Amino acid sequence: MTAGASTMTDAAPVPVPAARYEEKAFGFWLYLMSDAIIFALLFATYVVMLGNTAGGPTGKELFSLERAAAETLVLLLSSTTFGVAAVAMALGDRSRVLLWLAVTVALGLCFIALEIGEFWGMIAQGAGPDRSGFLSAFFTLVGTHGLHVSIGILWILVMIGQVLVKGLTTPVISRLARLGLFWHFLDIIWVAIFSVVYLPGIL
């Protein structure tokens, strides 16, 4: 009886079937598609409200191509550093995974700082979201993206903690893979924002 109990106690935990991780990945793809629909609606609203300035400032008067380009560069660099972290993860190099995730966080924070600075400057000029329909749509679209980036930064910090404590286990790798999808998705959305909002607004 004792020997049997000892055998049961010392038995290795039953591994989670690979299908379980595939189901989670599929569920996350569904979430990304729903998020894409939300952003599509925000883009459509922005385009509809583009001319509704109510006598207030337009994008040509408010937007800075240099700042928008800097935001784009920082976010694209963060996507690259996350990709390097993913390569290190595939090689099982935990220290490099932690290093490049930390660099990604730093770049993400830089992007958020640039965006907050832009919003603060516009509001200081009296061009807040309550000034016109155009500005309401702008702040909603760009602010929603910024909120997603902030959530992504928090998620990366959580994953850094998990890599430190648990190592590169199968569940941790699965979560990092989904985080990568989310982060690269935000880059795609930002490129669309740069192309639809900033470039036409400035030019």
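Everything here concerns the structure above.
Residues numbered from 1 in each chain as written. Predicted model: local features only at pLDDT ≥ 70, side-chain atom pairs only at ≥ 80, totals over all residues. Heavy atoms only, no water.

J.: Describe in detail the environment of Glu-118, supporting the description with residues and values.
T.: Along the chain, Glu-118 turns up in helix H5 (residues 94–124). Classification of Glu-118 by relative accessible area gives buried; the value is 7%. Considering only alpha carbons, one finds Glu-118 and Ala-68, 50 residues apart in sequence, at a separation of 9.2 Å. Aside from chain neighbours lying at most four places away, what touches Glu-118 is Phe-63, Arg-67, Glu-71, Phe-138 and Tyr-198. (Helix = DSSP H or I, 4+ residues; strand = E, 2+ residues; numbered from the N terminus. Buried < 20%, exposed > 50% of the residue type's maximum accessible area, 1.4 Å probe, protein only. Contact = heavy atoms within 4.5 Å.)

J.: Can you break down the nonpolar core residue by residue, with the values?
T.: Grouped together as the largest cluster of nonpolar side chains are 52 residues, with contacts concentrated most on Phe-63, Phe-138, Leu-176, Ile-193 and Tyr-198. Within the residue set of this core, elements represented by two or more residues are helix H2 (18–49), helix H4 (65–90), H5, helix H6 (133–166) and helix H7 (170–202). If you tally residues by element for this core, the top one is H7, at 14 residues. (Core = buried A, V, L, I, M, F, W, Y, C linked by side-chain atoms within 4.5 Å.)

J.: Mind laying out the packing of H4 against H7, listing which residues take part and the relevant values?
T.: One way to put it is that H4 packs onto H7 with a least axis distance of 10 Å and a crossing angle of 160°. Classified by the angle between their axes, H4 and H7 sit roughly antiparallel to one another. For H4 against H7, the interelement crossing comes out left-handed. Here the residues of the contact of H4 with H7 are counted per class, giving 18 nonpolar, 5 polar and 2 charged. (Axes fitted to C-alpha atoms, helices over the stretch in contact; angles between N-to-C directions. Parallel < 35°, antiparallel > 145°, perpendicular 65-115°, else oblique. Left-handed = near helix turned anticlockwise from the far one by under 90°. Nonpolar A, V, L, I, M, F, W, Y, C, P; charged D, E, K, R; others polar.)

J.: Which residues make up a nonpolar patch on the surface, and what values go with them?
T.: On the surface, Phe-26, Trp-29, Leu-30 and Met-33 cluster together to form a nonpolar patch covering roughly 440 Å² of accessible area. Mapped onto the elements of the fold, Phe-26 is located in helix H2. The class for Phe-26 is exposed, based on a relative accessible area of 54%. (Patch = residues over 30% accessible without salt bridge, like charges linked within 9 Å, V, L, I, M, F, W, Y side chains within 5 Å. Areas by Shrake-Rupley, 256 points an atom, 1.4 Å probe, with all protein chains shown as cover. Salt bridge = Lys/Arg side-chain N within 4 Å of Asp/Glu carboxyl O.)

J.: Tell me about the packing of H6 against H7, and name the residues and values.
T.: Close contact between H6 and H7 brings their axes to 10 Å; oriented N to C, the two are set at 160°. Regarding the angle of H6 to H7, the classification is roughly antiparallel. Considering only the axes of H6 and H7, their crossing is left-handed.

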